[in-house]
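Results of the structural survey
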Amino acid sequence: MSFPLTLLDAATAAGAHILWVYLVLLALITGTTWLCARALLPDRGGPAFPPDPLSPAALLARLAAGFLFIAGGAMLFAEIAEQLHTATTLGQLDEAFIAASIDQVPDAILQGFFLLTFIGNRDTLIAIGVVVAAALLWRRRGLALGWSLAMLGNAMLNPTLKHIFERARPLHPTHWLTEDGFSFPSGHSSGSVVTLGMLAYVAVRVLPRRFHVPAWVIAAALAFSVGCSRIFLRVHFPTDVLAGFTSGAAWLAVSITSIELARWGHRRYTSRRPRQSL
């Protein structure tokens, strides 16, 4: 499939300015997350969520946002996968971007991304998952169950997708890191989105409200940076990382939406149940 030369030129130019592309996108991601979090979350003062169930309007707004993430993430992932399978356009643009990025980033910055990428390693995510689940079991068993299911679900989803598509990794990794296995979608990207997103959700549930918006902004910035570290280190193509972000965001939305529905139903049930006399 042929494509306009301008697309290839754009991919090459973006790869040659990979650090600036990352910084601009990081600013857009954090700004958008800040705006969305302020719109969807309650006021920033006072303690964590009040004991009363959410109003139907508030619940509907959160469910609508969740379903938009689910549908949008699934549709974007499917489109990327279809284009990679049926055409060569995205693959060629990926190759042009990676080739142009070689020797464009100082070693000191690459070393920083090399350290950052360990946040998304399997062992790191497993350790975070176990520690948070154990901590939640003390007082928040329902939340601990939701957290565990979210972690386990993504841990099974990403390897399954990798073996379905069986895409090879880039041919020119940096000397900082080499990886084996399939490339599409990026497990570091999806795992970081789910784990850090769930950490932000846990923060909303257990911390005072003034921490809610910062938790989501930090989680979004860090997850985005971990995914981008895979491109800087040239162990993933840009579309691998984008697909990891979309699959992770969709699963995160499924997990949080399911927890919120169960939480709302439980509170409605307990608030209507007649109290037993002592």
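Quantities reported herein were computed from a predicted structural model and do not represent experimental measurements. The numbers attached to residues start from 1 for each chain and follow its sequence in the written order. Residue-level local features of this predicted model are given only where pLDDT is at least 70; pairs of side-chain atoms are given and counted only at 80 or more, and the full residue set underlies all totals for whole chains, interfaces and linings. Only heavy atoms go into the side-chain values, all of them from the structure, while hydrogens and water stay out.

**Overview of the overall build of the protein**
Defined as follows: A helix here means a DSSP run of H or I that spans at least four residues, while a strand means a run of E at least two residues long, and both kinds are numbered starting from the N terminus. Throughout, exposure labels follow a simple rule: accessible area from a 1.4 Å probe, protein chains only, divided by the maximum for the residue type, with under 20% read as buried, over 50% as exposed, and the rest as partly exposed. Accessibility throughout is a Shrake-Rupley quantity obtained with a 1.4 Å probe, and a residue counts as covered only by protein chains that appear here.
When helices and strands are counted, the protein shows 10 helices and 0 strands. Per-residue burial for the protein yields a buried fraction of 44% across its 278 residues. Accessible surface, the protein as shown: approximately 15000 Å² in total, 69% of it carbon and sulfur.

**A look at the nonpolar core**
Worth spelling out the cut-off: Nonpolar cores are built from buried Ala, Val, Leu, Ile, Met, Phe, Trp, Tyr and Cys residues. Side-chain atoms within 4.5 Å join them into one set. Any two residues whose heavy atoms approach within 4.5 Å are treated as being in contact.
Formed by 47 residues in total, the largest nonpolar core has its most connected members in Tyr22, Leu136, Trp147, Met198, Tyr201, Trp216 and Phe232. Sorting elements by how many residues they give to this core places helix α9 (residues 212-232) first, with 12 residues. The residues touching Met198, leaving out its near neighbours within four places in the chain, are Gly146, Trp147, Ala150, Met151, Val193, Leu252, Ser255, Ile256 and Ile259.

**Side note on unusual backbone geometry**
One non-glycine residue with positive phi stands out, namely Asp103, at about 65°. Considering the arrangement of structural elements, one finds Asp103 in the loop between α4 (89-101) and α5 (107-116). For Asp103, a relative accessible area of 73% gives the class exposed. One non-glycine residue, Arg234, lies in positive phi territory at about 60°. For Arg234, the position within the fold is in the loop between α9 and α10 (238-272). The class for Arg234 is buried, based on a relative accessible area of 10%.

**Quick word on the packing of helix α6 (residues 122-137) against helix α7 (residues 141-165)**
How two helices sit against one another is set out by the angle between their axes and by the gap between those axes. Keep this limit in mind: Axis definition: a line fit to C-alpha positions, over the contact stretch in the case of helices; interaxial angles, taken between N-to-C directions, run 0 to 180 degrees. Put simply, angles under 35 degrees are roughly parallel, angles over 145 are roughly antiparallel, angles from 65 to 115 are roughly perpendicular, and the rest are oblique. Each crossing is labelled by how the near helix is turned from the far one, with a counterclockwise turn of less than a right angle marking it left-handed and a clockwise turn marking it right-handed. For this classification, the nonpolar set comprises Ala, Val, Leu, Ile, Met, Phe, Trp, Tyr, Cys and Pro, the charged set comprises Asp, Glu, Lys and Arg, and every other residue, Gly included, is treated as polar.
Across the interface, α6 lies against α7 with an axial gap of 8 Å and an inter-helix angle of 165°. Between α6 and α7, the interaxial angle falls into the category roughly antiparallel. Between α6 and α7 lies a crossing of left-handed hand. From α6, Ile128, Gly129, Val132, Ala133, Leu136 and Leu137 reach across to α7, where they touch Arg141, Leu143, Ala144, Trp147, Ser148 and Met151. Residue composition of the contact of α6 with α7, by class: 9 nonpolar, 2 polar and 1 charged.

**Description of the packing of helix α8 (residues 187-206) against α9**
At a closest axis distance of 9 Å, the pairing of α8 and α9 adopts a crossing angle of 170°. Classified by the angle their axes make, α8 and α9 are roughly antiparallel. Every residue of α9 that contacts α8 at His188, Ser189, Ser192, Val193, Leu196, Gly197, Ala200, Tyr201, Ala203 and Val204 is listed here: His212, Ala215, Trp216, Ala219, Leu222, Ala223, Val226, Gly227 and Arg230. Partitioning the contact of α8 with α9 into residue classes produces 12 nonpolar, 6 polar and 1 charged.

**Some details on the environment of Leu23**
Summarising the element assignment, Leu23 is placed in helix α2 (residues 18-40). For Leu23, a relative accessible area of 38% translates into the label partly exposed. The sequence separation of Leu23 and Ser225 amounts to 202 residues, and the corresponding C-alpha distance is 9.6 Å.

**As for the environment of Ala16**
Along the chain, Ala16 turns up in helix α1 (residues 5-16). It is 6.2 Å that separates the C-alpha atoms of Ala16 and Gln104, two residues lying 88 residues apart in sequence. If near-sequence neighbours (up to four positions away) are discounted, Ala16 is found in contact with Ala100, Ser101 and Gln104.

**Overview of α9**
Rule in force here: One less than the residue count of a helix, multiplied by 1.5 Å, gives the span that helix is expected to have.
Helix length check: α9 (21 residues) gives 30 Å between terminal C-alpha atoms against 30 Å at 1.5 Å per residue, within 8%. Most of α9 sits out of view: 18 of its 21 residues are buried. After α9 finishes, the residue Arg234 shows a positive phi value of roughly 60°.

**Observations concerning the packing of aromatic side chains**
Rules: Note on aromatic pairs: the rings of Phe, Tyr and Trp (six-membered ring only in Trp) are paired at centre separations within 6.5 Å, and the planes decide the class, stacked below 30 degrees, edge-to-face beyond 60, tilted for the rest.
Applying the stated criterion across every chain, the model contains 6 aromatic pairs. Summarising the aromatic geometry, the rings of Tyr22 and Phe224 are spaced 5.9 Å apart at their centres and angled 0° between planes, so their arrangement reads as stacked. Separated by 202 residues along the polypeptide, Tyr22 in helix α2 and Phe224 in helix α9 bring together distant segments of the chain. Between Phe224 and Phe245 the ring centres are 5.9 Å apart and the planes differ by 25°, which places this aromatic pair in the stacked class. A residue pair is termed long-range when its members are at least 10 positions apart, and Phe224 in helix α9 and Phe245 in helix α10 qualify at 21 residues. A residue is classified by how much of its surface remains accessible, and Phe245, at 16% relative accessible area, is buried.

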